[in-house]
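# Examining the three-dimensional arrangement
So the chains spell out like this:
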Amino acid sequence: MDHRYDIARRAAGGSGSSSPGAGAQSRRRKVPPRPADFKLQIIIIGARGVGKTSLMERFTDDTFCEACKSTVGVDFKIKTVELRGKKIRLQIW
Ligand SMILES: Nc1nc2c(ncn2[C@@H]2O[C@H](COP(=O)(O)OP(=O)(O)O)[C@@H](O)[C@H]2O)c(=O)[nH]1
Ligand SMILES: [Mg+2]
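Structural notes, computed from the coordinates. What you see is a predicted model, and the numbers here were worked out from it, not measured in a lab. (Residues numbered from 1 in each chain as written. Chains lettered and ligands numbered in written order. Predicted model: local features only at pLDDT ≥ 70, side-chain atom pairs only at ≥ 80, totals over all residues.)

## A look at the sheet that holds strand β1 (residues 38–42)
To keep things clear, this is the line we draw: For two strands to pair, DSSP has to find at least two bridges joining them. Only DSSP runs of H or I with at least four residues qualify as helices, and only runs of E with at least two residues qualify as strands; both kinds are numbered from the N terminus onward. Whenever a helix is involved, its axis is fitted only over the stretch in contact; in every case the axis is a line through C-alpha atoms, and angles between N-to-C directions fall within 0 to 180 degrees. Here the contact rule is simple: place C-beta atoms from the backbone, and any two residues whose C-beta atoms are within 7 Å are in contact.
On the basis of which strands lie adjacent, the open sheet formed by three strands has the order β1-β3-β2 and mixed pairing. In this open sheet, the two strands that pair with only one neighbour each are β1 and β2 (77–83). When the angles between neighbouring strand axes are averaged without regard to direction, this sheet yields 25°. Running at roughly 50° to β2, helix α3 (residues 52–61) makes contact with β2 and β3 (86–92) of the sheet.

So this is what it looks like as C-alpha cells:
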C-alpha cells in the first residue's frame with residue numbers, strides 16, 4: 001500500500017491497518033468504456049405529427065410524452081446497442 005495514503009487514512013481517523021478491501025478499491029477504478037465497433041446514423045423522415053420523436057424517445061429512453069410540443073428544427077439521440085457481440089452506437093435523428 002502507498003505509505004502516504006496510509007498516513008492520510010490515519011489522519012482521517014481510519015484504522016491504519018491494511019484491509020483486504022484496499023486492493024478491491026483500486027480494482028473498482030473506472031475502466032473507460034470500450035469504443036463502439038460500428039457507428040450508425042439513422043434519420044427518421046415523415047410528415048409532422050406522425051410520431052417520429054415519440055418513436056425515437058421510446059426506443060432510446062423508453063419514455064412517452066403525450067403532451068409534448070412538436071419538434072422545431074432537428075433533434076437527435078444516441079443509444080448504444082450490442083448485437084452479436086458487436087457494440088453499435090446509433091445516432092438517431
Ligand atoms: N396515441 C398515440 N399518440 C402518439 C403516438 N405516437 C405519437 N403520438 C402523439 O402524436 C403527437 C406527435 O408526436 P411526435 O412524436 O411529436 O411526432 P413528430 O412530429 O413526427 O415528431 C404527440 O402528441 C404524441 O404524443 C402513439 O403511438 N399513440
Ligand atoms: Mg418531432
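## Comments concerning the site of ligand 1
Which entries qualify depends on this criterion: Working rule for contacts: place C-beta from the backbone, and if it is within 6 Å of a molecule or strand, that residue counts as near it. The residue classification treats Ala, Val, Leu, Ile, Met, Phe, Trp, Tyr, Cys and Pro as nonpolar and Asp, Glu, Lys and Arg as charged. All others, Gly included, are polar.
All residues in the neighbourhood of ligand 1 are listed as Gly46, Arg48, Gly49, Val50, Gly51, Lys52, Thr53, Ser54, Glu66, Cys68, Ser70 and Thr71. Grouping the amino acids of the shell around ligand 1 by side-chain chemistry returns two nonpolar, seven polar and three charged.

## Quick look at the pairing of β1
Stated precisely, the cut-off is as follows: With C-beta atoms placed from the backbone, the exposure class of a residue follows from how many other C-beta atoms lie within 10 Å of its own: 20 or more, buried; 12 or fewer, exposed; in between, partly exposed.
Across the five residues that make up β1, only a small minority, zero, are buried. When β1 meets β3, the two strands line up parallel, connected through five bridges. Counted as the bridge partner of lysine 39 is arginine 89 from β3.

## Regarding the pairing of β3
Both β2 and β3 contribute to a ladder of seven bridges, which runs antiparallel. If you follow valine 81 over to β3, its bridge partner there is isoleucine 88. Counting the residues between successive antiparallel strands, the hairpin from β2 to β3 contains two residues, one of them, arginine 84, with a positive phi of roughly 50°.

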